[in-house]
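Summary of the model geometry
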Amino acid sequence: MTTPRVAVIGGGLAGLAAAGALCGLGVTPFVFERDDDVGGVVRTRQRDGWVIDTGPCLAAEPDVAVRAMLDRAGLDQCTVRAMPAAATRYIVLDGAPVPLPRTTSELSASPLLSLAGRLRLLKERFIPAEREATDESVDSFARRRFGDEMADRMFDPLIASTSAGDPRQIVARYAFPSLVGHEHRAGSGLQGSARAGMAARRRAKGPPMGSWSCAAGMQQLPRRLAGWIGRVRTGARVDAVAATSTGVAVSVSGDSESFDAVVFATPTSALGRIHIDLPEAHRLREVTSMPQASIASVSLGYRRDQVAHPLDCSRLLVPAVERRAILSVVFPSSAFPGRAPHDHVLLTTFVGGARRPELLDRSEPELIALVQAELAELLGAEGAPVMSDVTIWKDALPQAVAGHGDRLAAADAIEAACGRIAFAGAWRDGLSVGEVMLGGMRAAERLAQRFGRRPVSSST
Ligand SMILES: Cc1cc2nc3c(=O)[nH]c(=O)nc-3n(C[C@H](O)[C@H](O)[C@H](O)COP(=O)(O)OP(=O)(O)OC[C@H]3O[C@@H](n4cnc5c(N)ncnc54)[C@H](O)[C@@H]3O)c2cc1C
């Protein structure tokens, strides 16, 4: 049997994880990436001793399968685990950062909730459970189960810092699948989470990896994956994909090549720009109607003595009720060594999203001034930053709003009708680095099954 050849469109994490998994399944992947470098929104700039991640700055504990791929690709050599300070997150309360509680007992001792708010939280287990999967928003779910203070103080800033979305629009079962699942199964989000946490700790085989990144910045991850995979072409935009009698024809910068199958691993906006002639392709309009949020990443560098706050944390969350201009701040130099020159700190602030989209019309100097003023008030950052870097990410964060399930079902229907394609990416599998990589690997498995391929012992 000849080795199937699969085109992977998109050299972001979804596409590279799909290609890596295909190698281990006895299928030969060919990755086509439109840009001059791999990584998609995973970008690192290095200058004058600063290591600036303009997209993701850190990833959460990876799934076992993702971790195995990182090891096979030799990434264990360059991954760095977050320093202990990174386990702490802060949240703005009445204009000042306070530690974000990690457990319900920390929550009961935290100033974040009033006495009434804590009592309301304790009532959660007695709230009648919804057992059906619906498009209930995060805001409605949080208010119904945990009370208004939890909705405003916890759920809202968590959504802002992960998807930059509006909690009144984002569907709870996609944003917090396990919490909603616990309500359906155990009748209580809190009790279900506590039981699941204990079970996970019993199942765990080794010490957790925790939050992580790469020594040279997050873009080392896609670059290392691409080097391991081999057949990755950058500067190669796919313009058209069409079914043929023997497989799929892929047009790359005007030249057509034949493959046995295709993984689409682009954002939905890019998907809409590819001419696709496949069974059920008219349903792609449903997929490409998925809304996207835009966000600015504003990285400012300061001398350590300019900032009063201890910076003993990885992130600062900002609830909308605080009426500030920013969504959240990440502290890369507190989480990982080597992100800033000696005696300096790096603070990356996110602005815009669904909460304040109008701020993205501002110029770079205006955005820097706005963030500088916010950091002065919140963290005691005095004077002008010694380094600044702004990246605007247009339509970079897919929003799982009402109708999301129908959009995913349309993608499933196209996959099923064609039989030779699979979709992967943040819009389909979840936003985080780990979810996107796992989704790419699952897409590879769906396609490999079509060719009767099973995992091979991989030393690719
Ligand atoms: C600002 C920001 C901060 C984030 N922070 C975090 C974080 O701290 N932690 C975390 O876990 N997650 C974070 N995320 C989320 C996570 O980084 C993304 O969800 C994930 O990297 C998306 O990967 P992807 O492969 O689905 O898409 P992309 O990264 O968008 O990759 C798609 C690729 O397809 C290519 N492409 C498009 N069209 C074509 C074409 N026609 N032909 C060939 N190639 C094409 C693009 O050039 C791109 O390289 C963040 C996201 C953003 C935007």
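Keep in mind that what you see is a predicted model, and the values were worked out from it rather than measured.

**Regarding the domain arrangement of the chain**
- The domain architecture assigned to the chain consists of domain 1 (5–42 + 219–290 + 401–450), domain 2 (43–59 + 79–99 + 210–215 + 292–398) and domain 3 (113–203).
- Taken over C-alpha atoms, the centre of domain 1 sits 31 Å from the centre of domain 2.
- Of the residues lining the interface, 16 residues belong to domain 1; the matching set on domain 2 comes to 14 residues.
- Between domain 1 and domain 2, roughly 1,300 Å² of surface is buried when both sides are summed, and carbon and sulfur atoms account for 59% of that area.
- Across the domain 1-domain 2 interface, the total number found is one salt bridge.

**As for the pairing of strand β6 (residues 89–93)**
- With respect to burial, β6 is a largely interior element, four of its five residues being buried.
- Two elements, β6 and strand β16 (residues 315–317), share three bridges in a ladder whose sense is parallel. Looking at the pairing, I91 lines up with L317 of β16.
- Counted along the chain from β6 to the antiparallel partner strand β7 (residues 96–99), the turn is two residues long, and its residue D94 has a positive phi close to 50 degrees.

**Digging into the sheet that holds strand β12 (residues 255–259)**
- Taken together, four strands build an open sheet; the order of strands is β12-β11-β10-β14 and the sheet is mixed. Both edges of this open sheet fall to β12 and β14 (275–277), since each of them pairs with a single strand only. With direction set aside, neighbouring strand axes in the sheet form an average angle of 15 degrees.

**Let's talk about the site of the ligand**
- Neighbouring the ligand are 38 residues; E33, V41, L58, L431 and V433 lie closest to it.
- Here A14 contributes a backbone N or O atom positioned 3.0 Å from an oxygen atom of the ligand.
- In the model, a nitrogen atom of the ligand is placed 3.1 Å from a nitrogen or oxygen of the R34 main chain.
- Out of a free accessible area of 1,000 Å², the ligand has 92% covered by protein chains.
- For the shell around the ligand, the element with the highest residue contribution is strand β19 (residues 387–398), accounting for three residues.
- Its residues assigned to classes, the shell around the ligand comprises 24 nonpolar, nine polar and five charged.
- Two domains each provide a minimum of three residues to the shell around the ligand, namely domain 1 (5–42 + 219–290 + 401–450) and domain 2 (43–59 + 79–99 + 210–215 + 292–398).

**Some remarks on the side chain of S314**
- Tracing the backbone through its elements, the reader meets S314 in the loop between β15 (292–303) and β16.
- A relative accessible area of 6% places S314 in the buried class.

**Overview of the packing of helix α2 (residues 64–72) against helix α17 (residues 433–450)**
- Contact pair α2 / α17: the axes reach a minimum separation of 9 Å and the direction vectors enclose 85 degrees. Regarding the angle of α2 to α17, the classification is roughly perpendicular. Two secondary-structure elements touch here, α2 through A65, V66, M69 and L70 and α17 through G434, M437, L438 and M441.
- Per-class residue counts for the contact of α2 with α17 are seven nonpolar, one polar and no charged.

**Observations concerning the environment of R283**
- In this structure, R283 sits in the loop between β14 and α12 (284–288).
- For R283 and A410, which are 127 residues apart along the polypeptide, the C-alpha to C-alpha distance reads 6.0 Å.
- The contacts of R283, once residues within four sequence positions are left out, are A410, A413 and I414.
- Among the polar contacts made by the side chain of R283, one reaches the side chain of E286 at a distance of 2.8 Å.

Criteria and thresholds
Residues numbered from 1 in each chain as written. Predicted model: local features only at pLDDT ≥ 70, side-chain atom pairs only at ≥ 80, totals over all residues. Heavy atoms only, no water. Domains from an automatic or database assignment. Contact = heavy atoms within 4.5 Å. Buried area = accessible area lost by both parts, 1.4 Å probe. Salt bridge = Lys/Arg side-chain N within 4 Å of Asp/Glu carboxyl O. Buried < 20%, exposed > 50% of the residue type's maximum accessible area, 1.4 Å probe, protein only. Helix = DSSP H or I, 4+ residues; strand = E, 2+ residues; numbered from the N terminus. Pairing = 2+ DSSP bridges. Axes fitted to C-alpha atoms, helices over the stretch in contact; angles between N-to-C directions. Near = heavy atom within 4 Å. Polar contact = N/O pair within 3.5 Å; in protein donor to acceptor, adjacent residues only side chain to side chain. Areas by Shrake-Rupley, 256 points an atom, 1.4 Å probe, with all protein chains shown as cover. Nonpolar A, V, L, I, M, F, W, Y, C, P; charged D, E, K, R; others polar. Parallel < 35°, antiparallel > 145°, perpendicular 65-115°, else oblique.

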